[in-house]
Protein chains: 4
Amino acid sequence: MTIHRLAPTPDEYSYVFGGVEPRLTVKPGDIVEVSTEDCFGGRVTHPDDLPSRVVPFAELNPVAGPIEVEGAEPGDLLAVHFISIVPARPYAISSTFPLFGALTPTHETAMISAPLEERVWFYDLDLEKWTATYRAHSSDYTLELPLDPMHGTVGVAPASGEVRLVVTPSTHGGNMDTPELRAGTTLYLPVNVAGGMLSLGDGHARQGEGEVCGTGLESAMNSVIAVDLVKGGAPAWPRIESDDFVMTTGSIRPLEDAYRISQKELVDWTSDLTGLDTLDAYQLVSQLGLAPAANVCDPNYTMVAKLPKWALKSAAAYGGVHGRLRAAAEEYLVGHSTR
Amino acid sequence: MTIHRLAPTPDEYSYVFGGVEPRLTVKPGDIVEVSTEDCFGGRVTHPDDLPSRVVPFAELNPVAGPIEVEGAEPGDLLAVHFISIVPARPYAISSTFPLFGALTPTHETAMISAPLEERVWFYDLDLEKWTATYRAHSSDYTLELPLDPMHGTVGVAPASGEVRLVVTPSTHGGNMDTPELRAGTTLYLPVNVAGGMLSLGDGHARQGEGEVCGTGLESAMNSVIAVDLVKGGAPAWPRIESDDFVMTTGSIRPLEDAYRISQKELVDWTSDLTGLDTLDAYQLVSQLGLAPAANVCDPNYTMVAKLPKWALKSAAAYGGVHGRLRAAAEEYLVGHSTR
Amino acid sequence: MTIHRLAPTPDEYSYVFGGVEPRLTVKPGDIVEVSTEDCFGGRVTHPDDLPSRVVPFAELNPVAGPIEVEGAEPGDLLAVHFISIVPARPYAISSTFPLFGALTPTHETAMISAPLEERVWFYDLDLEKWTATYRAHSSDYTLELPLDPMHGTVGVAPASGEVRLVVTPSTHGGNMDTPELRAGTTLYLPVNVAGGMLSLGDGHARQGEGEVCGTGLESAMNSVIAVDLVKGGAPAWPRIESDDFVMTTGSIRPLEDAYRISQKELVDWTSDLTGLDTLDAYQLVSQLGLAPAANVCDPNYTMVAKLPKWALKSAAAYGGVHGRLRAAAEEYLVGHSTR
Amino acid sequence: MTIHRLAPTPDEYSYVFGGVEPRLTVKPGDIVEVSTEDCFGGRVTHPDDLPSRVVPFAELNPVAGPIEVEGAEPGDLLAVHFISIVPARPYAISSTFPLFGALTPTHETAMISAPLEERVWFYDLDLEKWTATYRAHSSDYTLELPLDPMHGTVGVAPASGEVRLVVTPSTHGGNMDTPELRAGTTLYLPVNVAGGMLSLGDGHARQGEGEVCGTGLESAMNSVIAVDLVKGGAPAWPRIESDDFVMTTGSIRPLEDAYRISQKELVDWTSDLTGLDTLDAYQLVSQLGLAPAANVCDPNYTMVAKLPKWALKSAAAYGGVHGRLRAAAEEYLVGHSTR
């Protein structure tokens, strides 16, 4: 078990997927302890620090990486297992933006009516109790929310030489902003360029489905991931596996097209895993599937489709790579404290 | 506790919301034992009965009712509590349609490419084990699915004199097709005309989120509901309350607008229940809310937004009507066997 | 040539399509001189009359009718030829609305940001010069715009017993708000109930494509129409014919689905008129078709698809009914002054 | 008047905007005679050459360039005037694709129903008569269509270091596929990187609005453009000026958001040119504006908004650059034969 460390300095973060030189090279099966900044680049340190004033637009959502995976070639599948995701600071931050979020005019849904007020919320994090404290501005209402840390942005270099801003999720992953990317899950990404070039960031101490205001509990993170490779198994869109569910994603607009992609992907995957024909798999997904929104605020919206693994009987995706990574994670966690 | 019975004969079903004479008149607090047909009007009795051949389009999705509620006036809120929902036959049916479902061209998403193959699946129901058995056509794959009965279509007469086909969900409720409408929940509907005029049907023995193929486990149902009235409390869109969640709905196209409506409704409801201002409520919903798809196949799509009730502290919606109906349901269930 | 007159008093207007008793009965081939109110019911008479204050929501967009056409049966095609459309008052009115229009949050595209300012513009109409004068509020900018009068709302009783608010365009026509419905054109509508039950209103002295602010130059109108019937020719969606173009419409959300419907309709119509198979007709429409927006502000959006009639060679739609109505219009106009 | 020549060999074409070394460097005011391949890279030479078989996906839609413009800096406006666009071969080609076009399932609107038949149409071009001959497959129907040559793909390097596939239109221009980009018009693009880095291709001998089947009359072109620079005038989205209209574009999904962007851009531009405040400009655009679809088939859809220039009175956009380029074009055309 080889363990690497990736702890970028402020000028070592990147803001795009694709076209960036690797910061680290690992082998399939290796583990990486990685530090990531929050989506504000750590620049918001007080409720009066309005993001639109203190963070240049081009420096939103820094990602650590890319991590080059030896042997990864276009057409392969990159498996990224999240061993642990732990907030790195005693606070997390959320905010509204003048032209961002689902319930306000944006650059994409352009209007001439007034944009939304910008407001910042600071949450105190308690890693012992594993909670974050919400504090209202308009009253003394407070509430302890359970932590459920995740990475909003995880992806690889896109296909065809494209370079994409970190904020736009697509077939290469990116800013999918789904709470499903928590510790214990494995993300499957297509390899589009030699080495795959994995980057990640945008930790959220927790997030609602849809991320309606545009931000979760934005938090710098200390995370541990294990990376593996399945030759020739590249999915068309990012997929996720937990102990209980197989999940697919679609990231596009309008939201029904994101739903369609995620559902077709789940139908196809179910068909592959069970031998059912497409219509029989469609039927099974129709009756057992879950369909939570991931984000409805980013330049592409993301929907997730989920099927409980018991419906697949003995089938194991990609040769059982999730189970192997889960075991490696257990082994790692025995010897390391992550909080 | 007054208990009514509504068991329509085939010619007593209706196919629209609005403009129909009441079949039953009840008082707030009354209970109704109601029988509903499946969405095929009971005409599909064998896997070879293709719905497009055996069911006239205008006779899809029959609803029982309307039920007139004494004292209900425009602007009031009608509370419909589902005491029990039990399949009435030992089977349920699902099918694809040539021009219906999320992953095929439809009348709304019109294309010149070929429509989908029509195929029918029969599920054996076991009310003892509370399961339905899926059987593939393309192989001998079978699977026992847990029952989770619900009504896909519940609504009232629309506002402004409109009469709407049962298949189209909107502000009056209708064919929302959300698995959240299960026994133990209370549905809140606006009263638009004197008496409210409640109708329901389209039982599903279970359904995935999004109802991607266009049908759930379509099943005739024997259901028991309790009806109550909150004067002056009409919501803009249907809302749902369970023991654990408050939920809002939006039914429209595109899917992001259904999401926007459901989320704005949840923000507004949260603000009303907690005294938070709109932005503070927006923040809380952003971090704690769930956002499952209900249907992405009907003429309007439906999204649901959910907030756990513990986040509302001691607040009780609509004077605690859900709790009172839950207690009445318990009382009813002591004296009656529903399966 | 039988000529009828339909001049509703204020309480004789209706606000829905469907379920209304006829105000007039005519025979195919008859002519009707019809007066219509503006969309504000004539209640806005001064720039300080904000529509949201002076017009009850339920009384927006009154329509004259219904006109029953003898012999019209479900499945028939109703042809409505516009002989003349002339503003009835020396002014027209346009306004923004707080929650209406394409560039502001609305009831359908729900947001928590502030709605738009409501502002009213009065246009002086000069029927001699055939112009309307635009006057800015923010400066002394004025501009003479050519009149191009049209009816925003024309439709019949919907199918399946539905009753729809006048503001929502769909398969029955309704509030399509396309500038193509000007004098000299023929509108083809499906007959869904005996008599067809034609209503019209919402005159615009002119309107841009898309009606982006939500209103045109709203104007009471004195119009003359000729009505005819084609047995068994009901189109799925409203169609329009001018001397130079055949046109199809689709009214739904999202806008790409309105586009898809209008284009598929034009492909199908082209195929019917030329004998080309679907793919060959698709190709011809792809290279010669026009695709202007009609409205992108109403509860359903409307797109129009247009093909120049020279591409159809000698084909005449529906047995040449447009040409016959055009000739009848000429005959009428010889004997009548319409301005 | 400096005249350059850009005639790429097959291996000199590029397939992305951004990240490509310039092929030519020019000064503001210079003229470039440029040859472009058709979208199939010239590989389809017979109706039996199905594009999906003879053209690798990554080699669709080659563009000539980039052209570096001396002095162009981020924030500047690049003006590209089309002096002439003339088909380079005696034929043009159109086709359907299995998963491309507005009326078929696609990669973005993913479905499980069957994709469309792939079919190729060859058009004979007659540059004397300025026509293209349509020939049906299913019958002997033929039709002469007027030529109206244009470039479907014109753009610059994107902002923020992004590299985008040629097929995806966005703020940097790209594959907007609007018939408005014909000879005699000026396209305004934002400069995002030093030199601007202009590329163009995808000539169509003509195209319908919306490009519903996914292709126009695809044609290699011999074109002549003049390039100019306006310091500091970068628009948010590409704009177009002809002798009669100012036009704006929006390229995104869903189509209503493309419409919203194009309309807001036109409102803002009108306000800038006339001094009207935003609401007064919104009103004027609402009544005079045109709103044709450009493409409803590419990864982003494009809508165009048009305002007749007479409504702007004496205002001249960007210091009258269109007029100056028009004059330079006249001068060039005196001395050069373009057909």
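Residues numbered from 1 in each chain as written. Chains lettered and ligands numbered in written order. Predicted model: local features only at pLDDT ≥ 70, side-chain atom pairs only at ≥ 80, totals over all residues. Heavy atoms only, no water.

Novice: Could you give me a rundown of the pairing of strand 7 (residues 91-95) of chain C, with the residues and numbers involved?
Specialist: Residues and elements named next belong to chain C. The buried fraction of strand 7 is high, at 4 of 5 residues. Summarising the sheet, strand 7 and strand 8 (residues 120-126) pair through 5 bridges and their orientation is antiparallel. Pairing of Ser94 across the sheet is with Trp121, part of strand 8. (Buried < 20%, exposed > 50% of the residue type's maximum accessible area, 1.4 Å probe, protein only. Helix = DSSP H or I, 4+ residues; strand = E, 2+ residues; numbered from the N terminus. Pairing = 2+ DSSP bridges.)

Novice: Kindly report on the relation of the copies chain B and chain A, identifying the contributing residues and their values.
Specialist: Between chain B and chain A, the superposition needs a rotation of 180° and an axial shift of 0.0 Å, giving an RMSD of 0.0 Å. Here the symmetry operator amounts to a two-fold rotation axis. No C-alpha of chain B approaches the rotation axis more nearly than that of Pro292 of chain B, which lies at 2.1 Å. Of the interface residues in chain B, 100% have counterparts in chain A that sit at the interface too, so the contact is made through matching surfaces. (Least-squares fit on C-alpha atoms with pLDDT ≥ 70 in both. Contact = heavy atoms within 4.5 Å.)

Novice: Can you lay out the side chain of Thr96 of chain A for me, pointing to particular residues and giving the numbers?
Specialist: By secondary structure assignment, the location of Thr96 of chain A is in the loop between strand 7 (91-95) and strand 8 (120-126). There is a polar contact of 2.8 Å between the side chain of Thr96 of chain A and the backbone oxygen of Glu117 of chain A. Only 2.9 Å separates the side chain of Thr96 of chain A from the backbone nitrogen of Arg119 of chain A, close enough to count as a polar contact. For Thr96 of chain A, the residues in contact, after removing those within four places along its chain, are Leu116, Glu117, Glu118, Arg119, Trp121 and Cys213 of chain A together with Leu279 and Tyr282 of chain B. (Polar contact = N/O pair within 3.5 Å; in protein donor to acceptor, adjacent residues only side chain to side chain.)

Novice: Quick rundown of the nonpolar core? Include the residues and the values.
Specialist: If you look at the biggest cluster of nonpolar residues, it comprises 124 residues, and the most contacted ones within it are Tyr134 of chain A together with Tyr134 of chain B. When residues no more than four places from it in sequence are discounted, the contact partners of Tyr134 of chain A are Trp121, Tyr123, Tyr141, Thr142, Leu143 and Leu145 of chain A together with Leu276, Asp280, Ala281, Gln283 and Leu284 of chain B. Core analysis: the next-biggest nonpolar cluster, separate from the first, contains 122 residues, Tyr123 and Ile261 of chain C together with Tyr259 and Ala329 of chain D among them. (Core = buried A, V, L, I, M, F, W, Y, C linked by side-chain atoms within 4.5 Å.)

Novice: For the relation of the copies chain C and chain D, give the residues involved together with the corresponding values.
Specialist: Once chain C is rotated about the relating axis by 180° and shifted along it by 0.0 Å, it coincides with chain D to within an RMSD of 0.0 Å. Comparing interface residues between copies, 100% of those in chain C also lie at the interface in chain D; the contact surface is shared.

Novice: Tell me about the state of the cysteines, and name the residues and values.
Specialist: Two cysteines form a disulfide when their sulfur atoms are joined by a covalent bond. Residues and elements named next belong to chain A. Counted under the stated rule, the structure contains 0 disulfides over all chains. The closest cysteine sulfur to the non-disulfide-bonded Cys39 is located on Cys213, 10 Å from its own sulfur. Residue class for Cys39 comes out buried when judged on its relative accessible area of 7%. (Disulfide = S-S within 2.5 Å.)

Novice: Explain the sheet that holds strand 3 (residues 24-26) of chain A residue by residue, including any values.
Specialist: Residue and element names in this part refer to chain A. Strand order in the open sheet formed by 5 strands is 3-5-15-11-13, with mixed pairing between adjacent strands. In this open sheet, the two strands that pair with only one neighbour each are strand 3 and strand 13 (173-174). Bridge count between strand 5 (residues 63-69) and strand 15 (residues 198-204): 3 bridges; the pairing is antiparallel. Its bridge partner lying in strand 15, Val63 is registered against Gly201.

Novice: Help me get a handle on the interface of chain C and chain D, residues and values and all.
Specialist: At the junction of the two partners, chain C supplies 67 residues and chain D supplies 67 residues. Both faces combined, the contact of chain C with chain D buries some 5400 Å², and carbon together with sulfur accounts for 58% of it. If you sort the residues of chain C by the area they bury against chain D, Tyr141, Tyr282 and Gln287 of chain C come out on top, with a joint share of 14%. Between Arg119 of chain D and Asp277 of chain C there is a salt bridge, with its nearest N and O atoms 3.0 Å apart. Our count for the chain C to chain D interface comes out at 52 residue pairs in polar contact (both at pLDDT 80 or more). Counting residues per element, the ones that place at least two in the side of chain C that touches chain D are strand 7, strand 8, strand 10 (142-146), helix 2 (255-274), helix 3 (278-288) and strand 20 (301-308) of chain C. Here the side of chain C that touches chain D takes 10 residues from helix 3 of chain C, the largest share from any one element. Class assignment for the residues of the side of chain C that touches chain D results in 35 nonpolar, 20 polar and 12 charged. (Buried area = accessible area lost by both parts, 1.4 Å probe. Salt bridge = Lys/Arg side-chain N within 4 Å of Asp/Glu carboxyl O. Nonpolar A, V, L, I, M, F, W, Y, C, P; charged D, E, K, R; others polar.)

Novice: I'd like to hear about helix 2 (residues 255-274) of chain D, residue by residue, with values.
Specialist: Residues and elements named next belong to chain D. Over its 20 residues, helix 2 runs 28 Å from end to end, which matches the ideal 28 Å to within 8%, given 1.5 Å per residue. The buried fraction of helix 2 amounts to 17 of the 20 residues, a majority that puts the element mostly inside the structure. Two residues or fewer after helix 2 comes Gly275, characterised by a positive phi angle close to 80°. (Expected span 1.5 Å × (residues − 1).)

Novice: Hey, could you go over the packing of aromatic side chains for me, with residue numbers and the actual values?
Specialist: By the definition in use, this model includes 28 aromatic pairs over all chains. Between Tyr188 of chain B and Trp269 of chain B the ring centres are 6.2 Å apart and the planes differ by 90°, which places this aromatic pair in the edge-to-face class. Of this pair, Tyr188 of chain B sits in strand 14 (residues 186-190) while Trp269 of chain B is found in helix 2 (residues 255-274), placing the two residues 81 residues apart along the sequence. Residue classification places Tyr188 of chain B among the buried residues on the basis of a relative accessible area of 0%. Both rings, one in Tyr123 of chain C and one in Tyr134 of chain C, keep their centres 6.1 Å apart while their planes meet at 45°; by these two values the pair is tilted. Here Tyr123 of chain C, found in strand 8, pairs with Tyr134 of chain C, found in strand 9 (residues 131-135); they are 11 residues apart in sequence, far enough to count as distant. The exposure classification of Tyr123 of chain C matches that of Tyr134 of chain C, with both residues buried. Feature note: the residues Phe40, Phe97 and Phe100 of chain A constitute an aromatic cluster, connected by ring pairs. The ring of Phe245 of chain A has Lys306 of chain A lying over it, and the distance from NZ or CZ to the ring centre is 4.4 Å. (Phe/Tyr/Trp six-rings, centres within 6.5 Å; stacked < 30°, edge-to-face > 60°. Lys NZ or Arg CZ within 6 Å of the ring centre and 35° of its normal.)

Novice: Now, about the interface of chain B and chain A: what can you tell me, with residues and values included?
Specialist: The interface of chain B with chain A comprises 67 residues on the first partner and 67 residues on the second. Together, the buried faces of chain B and chain A total about 5400 Å²; carbon and sulfur atoms form 58% of this surface. For chain B, the biggest contributors to the area lost against chain A are Tyr141, Tyr282 and Gln287 of chain B; these three give 14% of the whole. For the pair chain B and chain A, the number of links is 4 salt bridges. In this assembly, chain B and chain A are joined by 52 residue pairs in polar contact (both at pLDDT 80 or more). Put simply, the parts of the chain that give the side of chain B that touches chain A at least two residues each are strand 7 (91-95), strand 8 (120-126), strand 10 (142-146), helix 2, helix 3 (278-288) and strand 20 (301-308) of chain B. If one sorts the elements of the side of chain B that touches chain A by residue count, helix 3 of chain B sits on top with 10 residues. Looking at the side of chain B that touches chain A residue by residue, the class counts come to 35 nonpolar, 20 polar and 12 charged.

Novice: Report on the packing of helix 2 of chain B against helix 3 of chain B, specifying residues and quantitative values.
Specialist: When two helices pack together, their arrangement is given by the angle between their axes and by how far apart the axes lie. Residue and element names in this part refer to chain B. Axis separation between helix 2 and helix 3 bottoms out at 8 Å; the angle between their running directions is 115°. You can see that helix 2 and helix 3 cross each other, and the crossing is right-handed. Two secondary-structure elements touch here, helix 2 through Gln263, Leu266, Val267, Thr270 and Ser271 and helix 3 through Thr278, Ala281, Tyr282, Leu284 and Val285. Grouping the amino acids of the contact of helix 2 with helix 3 by side-chain chemistry returns 6 nonpolar, 4 polar and no charged. (Axes fitted to C-alpha atoms, helices over the stretch in contact; angles between N-to-C directions. Left-handed = near helix turned anticlockwise from the far one by under 90°.)

Novice: Describe the sheet that holds strand 8 of chain B, naming the residues involved and giving the relevant values.
Specialist: Whether parallel or antiparallel, the strands of a sheet pair through hydrogen bonds between backbone atoms. Residue and element names in this part refer to chain B. Overall, antiparallel pairing links the 4 strands, which are arranged 7-8-9-10 in an open sheet. Looking along the sheet, the strands with just one partner apiece sit at the ends: strand 7 and strand 10. Between one strand axis and the next, the sheet turns through 30° on average, direction left out of account. Relative to strand 9 (residues 131-135), strand 8 runs antiparallel, the two being bridged by 3 bridges. Paired with Asp124 across the strands is Thr133, a residue of strand 9.

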